[in-house]
Amino acid sequence: MNWSLRLQERVWGLAPWDAGRITDEWFRAHFEYAADVVQHWMGNVLDLPTARLLNFGCGDGITDLALVLRHGATAIHGVDIRREYAKLPRIAREQLGMSRIPAALTFETITPSAPLAGKRPLVDGIMSWSTFEHVQRDQLAPIFHDLYACLRPGGYFFIQIEPLFYSPYGSHLRRYDDVPWHHLLATEEELWSVIQAHDGPIDAAETDFGFADFGVDGYKKFVFNEYRALNRLTADELVAITTGAGFKLVRQERRSLDMPIPVALRGKYPDDWLLNNEIFLLLSK
Ligand SMILES: C[S@@+](CC[C@H](N)C(=O)[O-])C[C@H]1O[C@@H](n2cnc3c(N)ncnc32)[C@H](O)[C@@H]1O
């Protein structure tokens, strides 16, 4: 598949695209915001047009597409345990009027925690967006060791997680339940009832392209199962596990929400866990 794309691209050049056609807010959030943040963190330390990049947990690949089209990346390999990236050609057609996705993008479905190292040449940079809070906890250390082995010496690894589990909307259920910290205050049954009872539209920027496949009720079940599978990682734990795998800490930024902590949670969890909703972490080898 990729060789025919490469051939067409050599003959015709990159297919034309037009960001003025974007109508989907999920698409926009990844094509613009997420890609710009990745460029901000990685573009300072790597030359994106010549770097070989790996996106761990690439999802539908929209951010990768934007890194190529808007920030000049020329080699991104996306890996994920799901195949959402198979929708990217259709999505690019609908949202950008783009007839074929760039040959710079390759994708692979992986088995959870199956080693990647040794299968492909070492990469210059690895990125991961909103993924490591979803990885099974006992797989975190083996995966970080494996990613360390995939990176060339002197390469960089950028990780973003939002929302962190203990933060006000850390359940990832806000599209159905706006009560801050509800997941730390209510039982699972109570949370599920809130979701089941939800009627009406959900925030378009939080509605991925899987929604159409699942339907309204299927998507509720999917999102709730995702909530139950969250590994509850804190920012400190993320730094400890990644540096424990050999990565050097280059820079980090932690963002917090300024909200009053409910009495029922005060002292039960550290305040910084409860307020810290996002981490950006730049590591090197
Ligand atoms: C919230 S989505 C984020 C996807 C994409 N990065 C984005 O910004 O849209 C989390 C992704 O992590 C993937 N994922 C979860 N566990 C994984 C694992 N062990 N290895 C690779 N990907 C994983 C999921 O399949 C999902 O696509």
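Counting restarts for each chain, with residues numbered from 1 along the sequence as it is written. Note on the predicted model: pLDDT of at least 70 is required for a residue's local features to be given, and 80 or more for side-chain atom pairs to be given and counted; whole-chain, interface and lining totals, by contrast, use all residues. Each side-chain value is worked out from all heavy atoms of the structure, with water and hydrogens disregarded.

- The name given to the protein chain in an unreviewed UniProt entry is Methyltransferase type 12, and the organism recorded there is Acidovorax delafieldii 2AN.

### Examining the domain arrangement of the protein chain
Okay, so step 1: Marked domain ranges trace back to an automatic or database domain assignment. The assigned domain composition of the protein chain is domain 1 (15-165 + 231-284) and domain 2 (182-229).
Okay, so step 2: The C-alpha-based centres of domain 1 and domain 2 are spaced at 23 Å.
Okay, so step 3: The contact criterion used throughout is that any non-hydrogen atoms of two residues lie within 4.5 Å. At the junction of the two partners, domain 1 supplies 19 residues and domain 2 supplies 16 residues.
Okay, so step 4: Each of two parts loses accessible area, computed with a 1.4 Å probe, when they are put together; buried area is these two losses added. Roughly 1,400 Å² of surface becomes buried between domain 1 and domain 2 when both sides are summed, with 63% attributable to carbon and sulfur atoms.
Okay, so step 5: One speaks of a salt bridge when a side-chain nitrogen belonging to Lys or Arg is within 4 Å of a carboxyl oxygen belonging to Asp or Glu. Counting across the interface, domain 1 meets domain 2 through 1 salt bridge.
Okay, so step 6: Here a polar contact means two N or O atoms within 3.5 Å. Within protein one must be a hydrogen donor candidate and the other an acceptor candidate, and residues neighboring in sequence count only if both atoms are side-chain atoms. One can count 4 residue pairs in polar contact (both at pLDDT 80 or more) joining domain 1 with domain 2.
Okay, so step 7: No other element matches helix α2 (residues 25-42), which puts 3 residues into the side of domain 1 that touches domain 2. Secondary structure follows DSSP: runs of H or I at least 4 residues long count as helices, runs of E at least 2 residues long count as strands, and numbering of each begins at the N terminus.

### Observations regarding the nonpolar core
Okay, so step 1: The set of buried Ala, Val, Leu, Ile, Met, Phe, Trp, Tyr and Cys residues whose side-chain atoms join them within 4.5 Å is what this entry labels a nonpolar core. Think of it in three bands: with a 1.4 Å probe and only protein chains considered, a residue is buried below 20% of the maximum accessible area for its type, exposed above 50%, and partly exposed in between. Core analysis: the largest hydrophobic core is formed by 43 residues, its most contacted members being Phe-31, Leu-65 and Phe-158.
Okay, so step 2: Elements that contribute at least two residues to this core include exactly α2, α3 (62-71), α4 (88-96), β3 (105-109), β4 (123-129), β5 (151-161) and β7 (276-284).

### Side note on the side chain of Ser-171
Okay, so step 1: By the secondary structure assignment, Ser-171 is in the loop between β5 and α6 (182-185).
Okay, so step 2: Since its relative accessible area comes to 8%, Ser-171 is described here as buried.
Okay, so step 3: Here the side chain of Ser-171 touches Leu-173 through a polar contact of 3.0 Å, landing on its backbone nitrogen.
Okay, so step 4: Those residues in contact with Ser-171 that sit more than four places away from it in its chain are Phe-165, His-183, Tyr-227 and Leu-230.

### A word on the pairing of strand β2 (residues 76-80)
Okay, so step 1: For β2, the buried fraction is high: 5 of the 5 residues fall into the buried class.
Okay, so step 2: Covered by surrounding structure in β2 are Ile-76, Gly-78 and Asp-80 together with His-77 and Val-79, the residues of both alternating faces.
Okay, so step 3: In the classification by handedness, the crossover that spans strand β1 (residues 53-56), the intervening α3 and the parallel β2 is right-handed.
Okay, so step 4: The sheet contact formed by β2 and β3 spans 5 bridges and is parallel. Within β3, the position partnered with His-77 by the bridge is Thr-106.
Okay, so step 5: Read as a crossover between parallel neighbours, the route from β2 over α4 to β3 is right-handed. If the strands point away from the viewer and the path from the first strand over the helix to the second runs clockwise, then the crossover is right-handed. Two strands form a pair only when DSSP identifies at least two bridges running between them.

### Notes on a nonpolar patch on the surface
Okay, so step 1: A cluster of nonpolar side chains, contributed by Trp-3, Leu-7, Val-11 and Trp-12, occupies part of the molecular surface with about 570 Å² of accessible area.
Okay, so step 2: Tracing the sequence through the fold places Leu-7 in helix α1 (residues 2-12). In this analysis, a patch consists of residues with relative accessible area above 30% that form no salt bridge, clustered at 9 Å for like charges and at 5 Å for the nonpolar side chains Val, Leu, Ile, Met, Phe, Trp and Tyr. Note that accessible areas follow from Shrake-Rupley with a 1.4 Å probe, and for residues the cover is restricted to the protein chains shown.

### Re the packing of α3 against α4
Okay, so step 1: One can describe the packing of α3 onto α4 by two numbers: an axis separation of 11 Å at closest approach and a directional angle of 60°. In terms of orientation, α3 lies oblique with respect to α4. When you trace α3 past α4, the crossing you get is right-handed. Residues Ile-62, Leu-65 and Leu-69 of α3 touch α4, and the partners they reach there are Leu-88, Ile-91, Ala-92 and Leu-96.
Okay, so step 2: We call Asp, Glu, Lys and Arg charged. Ala, Val, Leu, Ile, Met, Phe, Trp, Tyr, Cys and Pro are nonpolar, and the rest, Gly among them, are polar. Per-class residue counts for the contact of α3 with α4 are 7 nonpolar, no polar and no charged. Every axis in this analysis is a line fitted to C-alpha atoms, fitted for helices over the stretch in contact. Angles between the N-to-C directions lie between 0 and 180 degrees. Oblique is the label for any angle not under 35 degrees, not over 145, and not in the 65 to 115 range, which are roughly parallel, roughly antiparallel and roughly perpendicular in turn. By convention the crossing between two helices is left-handed if the near helix lies anticlockwise of the far one by an angle smaller than a right angle, and right-handed if it lies clockwise.

### Regarding the site of the ligand
Okay, so step 1: What surrounds the ligand is a group of 17 residues, the closest being His-30, Phe-56, Gly-57, Asp-80 and Trp-129.
Okay, so step 2: At 2.5 Å, a side-chain N or O of Asp-80 approaches an oxygen atom of the ligand.
Okay, so step 3: Take Trp-129: an N or O atom from its main chain is 2.8 Å from a nitrogen atom of the ligand.
Okay, so step 4: Protein burial of the ligand: of its 590 Å² of free accessible surface, 89% is covered by the chains.
Okay, so step 5: For the shell around the ligand, the elements supplying multiple residues, two or more each, are α2 and α5 (137-150).
Okay, so step 6: Looking at the shell around the ligand, its residues break down into 8 nonpolar, 7 polar and 2 charged. Only a single heavy atom is needed: when it lies within 4 Å of a molecule or strand, its residue is near that molecule or strand.

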